[in-house]
Amino acid sequence: MLTLWCVSDGKPGHHSQLSGLAGALAERQHCRVRWFETAHQPLRQAAGAGQPPDLILCAGHRTHRPSLQLKWRYGGKLVALMKPSLPRWLFDLCIVPRHDGLAPGPRVLLTEGTLTDIRYSPLRQAGRGLILLGGASRNHRWHNEHMLTQLNALLASTADCHWIMTTSRRTPASFARAAAALAPAHCQLVTADQTDRDWLRRQLAGAEQVWVSEDSASMVYEGLASGARVGILPVPRRRPSRVSRGLDQLVADQRVCTLVSLLQNTATAPVVAPPLRETERVARHLLSLLSHTWSLPSGESAPGFAPPR
């Protein structure tokens with residue numbers, strides 16, 4: 001049995017990454033899983049009881065130091081689900097999106113986008129679409145009229161598709177009101193306060209095509225992970241970023257399409273692309289390391305660095 005400890009900072013995105021990878025591991029290896037929230041628990045005291053970990057997963061910069069303390073005190077291999085703010089040699093492995101710009105290596109495994117708890121589903125409901133909208137962010141400006149124009153064009157070109165359109169916590173209230181007035185008979189608006197993570201999983205599991213505003217990059221990768229056809233609705237960029245470069249690469253690789261290319265090609269849906277099954281790939285990689293490579297005694301610290309007392 002694999003004893004797995006998951007250390008989260010409580011942020012929904014980080015929790016879904018951990019949950020997705022823990023679930024993928026549990027599908028392949030019988031696991032005993034414990035969860036720790038850095039915002040609510042004194043981890044060194046809370047971890048004392050029970051079986052020591054074989055593997056510690058952490059997500060979020062605030063989890064790195066507490067997770068290292070757990071490793072040094074209780075043993076186990078430590079895996080960060082992001083580019084860490086601390087030296088990488090402190091971690092046994094870092095799972096890092098390719099767009100972060102790190103080179104692969106013994107302690108770095110690159111993925112296409114972030115990991116997710118969205119699972120691949122081969123069964124799609126023909127004529128069913130999902131629109132996922134965000135809002136202003138650090139890297140994007142949001143203009144209501146710009147997005148409404150795009151939505152008008154998308155909905156007008158797909159009259160035979162039934163759409164569910166949903167907002168996020170970042171979506172301006174003024175836009176939600178305008179979108180409600182815009183929505184034709186074949187489009188249902190569901191606001192963010194009417195949804196939760198389980199709702200999103202159900203929608204992604206059945207939608208034939210998914211369109212995402214580009215400020216919500218994680219949703220683009222989740223759409224691809226689900227097996228749906230995915231399109232991107234552009235949002236004005238404040239500046240180039242590593243995430244936007246990753247999305248541009250998806251377009252160049254024809255894994256996703258833009259609204260302009262869809263309308264120019266007179267197609268009714270984005271192209272079918274191979275699903276991203278990165279969470280499952282990472283789970284297989286970790287189990288392989290545990291079986292063959294990570295055979296040193298647990299609790300061994302990195303050379304030249306003394307764990308704190």
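Conventions adopted
Residues numbered from 1 in each chain as written. Predicted model: local features only at pLDDT ≥ 70, side-chain atom pairs only at ≥ 80, totals over all residues. Heavy atoms only, no water. Patch = residues over 30% accessible without salt bridge, like charges linked within 9 Å, V, L, I, M, F, W, Y side chains within 5 Å. Areas by Shrake-Rupley, 256 points an atom, 1.4 Å probe, with all protein chains shown as cover. Salt bridge = Lys/Arg side-chain N within 4 Å of Asp/Glu carboxyl O. Lys, Arg positive; Asp, Glu negative; His and termini not counted. Charge placed at Lys NZ, Arg CZ, Asp CG, Glu CD. Buried < 20%, exposed > 50% of the residue type's maximum accessible area, 1.4 Å probe, protein only. Pairing = 2+ DSSP bridges. Helix = DSSP H or I, 4+ residues; strand = E, 2+ residues; numbered from the N terminus. Axes fitted to C-alpha atoms, helices over the stretch in contact; angles between N-to-C directions. Contact = heavy atoms within 4.5 Å. pLDDT = per-residue confidence, 0-100. Phe/Tyr/Trp six-rings, centres within 6.5 Å; stacked < 30°, edge-to-face > 60°. Arc of directions from axis to C-beta.

A contiguous patch of positive charge, built from Arg 138, Arg 141, Arg 238 and Arg 239, is present on the exposed surface. A relative accessible area of 38% means that Arg 141 is categorised as partly exposed.

What follows covers the sheet that holds strand β5 (residues 93-97). An order of β2-β1-β3-β4-β5-β6 is seen for the 6 strands of this open sheet, with the pairing classed as parallel. Strand pairing shows two members of the sheet lacking a second neighbour, β2 (31-37) and β6 (108-111), which therefore form its edges. Strand-to-strand twist across the sheet, computed as the mean angle between neighbouring axes with direction ignored, equals 20°. Sheet topology places strand β1 (residues 2-8) next to β2; 7 bridges connect them, and they run parallel. Across the sheet, Cys 6 pairs through a bridge with Trp 35, a residue of β2. The sheet contacts of helix α1 (residues 12-28) involve β1, β2 and β3 (55-59), and relative to β3 the element is tilted by about 155°.

To continue, consider the confidence of the model for the chain. Here the chain averages 89 in pLDDT, and 91% of its residues register 70 or above. Here residues 296-309 is modelled with pLDDT under 50, and outside its nearest four sequence neighbours on either side it reaches 19 contacts, counting other chains as well.

The subject of this paragraph is the sheet that holds strand β11 (residues 229-233). The strand order across the open sheet built from 6 strands is β9-β8-β7-β10-β11-β12, with neighbouring strands paired in parallel fashion. Every interior strand has two partners, whereas the edge strands, β9 (187-190) and β12 (257-258), have only one. The pairing of strand β8 (residues 162-166) with β9 spans 4 bridges and is parallel. Opposite Met 165, over in β9, you have Leu 189 as the bridge partner. The strands touched by helix α7 (residues 217-226) are β7 (125-132), β10 (207-213) and β11; relative to β11, the strand with the most contacts, the crossing angle is about 165°.

Our focus in this paragraph is the packing of aromatic side chains. Enumeration according to the criterion identifies 3 aromatic pairs in this entry. A centroid spacing of 5.5 Å and a plane angle of 65° characterise the contact between Trp 5 and Tyr 74, whose relative ring orientation is edge-to-face. Placement of Trp 5 in strand β1 and of Tyr 74 in helix α3 (residues 64-74) is noted, with a sequence separation of 69 residues between them. Trp 5 sits in the buried class, given a relative accessible area of 0%. Judged by its relative accessible area of 17%, Tyr 74 falls in the buried class. Aromatic rings pair up to connect Trp 5, Phe 36 and Tyr 74 into one cluster.

With that out of the way, let us pick up unusual backbone geometry. The phi dihedral of Gln 254 is positive, around 60°, even though this residue is not glycine. Secondary-structure assignment places Gln 254 in the loop between α8 (242-252) and β12.

Listed in full, the buried residues belonging to α8 are Ser 244, Gly 246, Leu 247 and Leu 250. Buried residues of α8, seen end-on, are gathered within an arc of 155° and therefore sit on one face of the element. In α8, the exposed positions that point more than 90 degrees away from the buried face belong to Arg 245 and Ala 252. Its buried side turned inward, α8 meets α7 and β11. Count one or two residues on from α8 and you reach Gln 254, which has phi positive near 60°.

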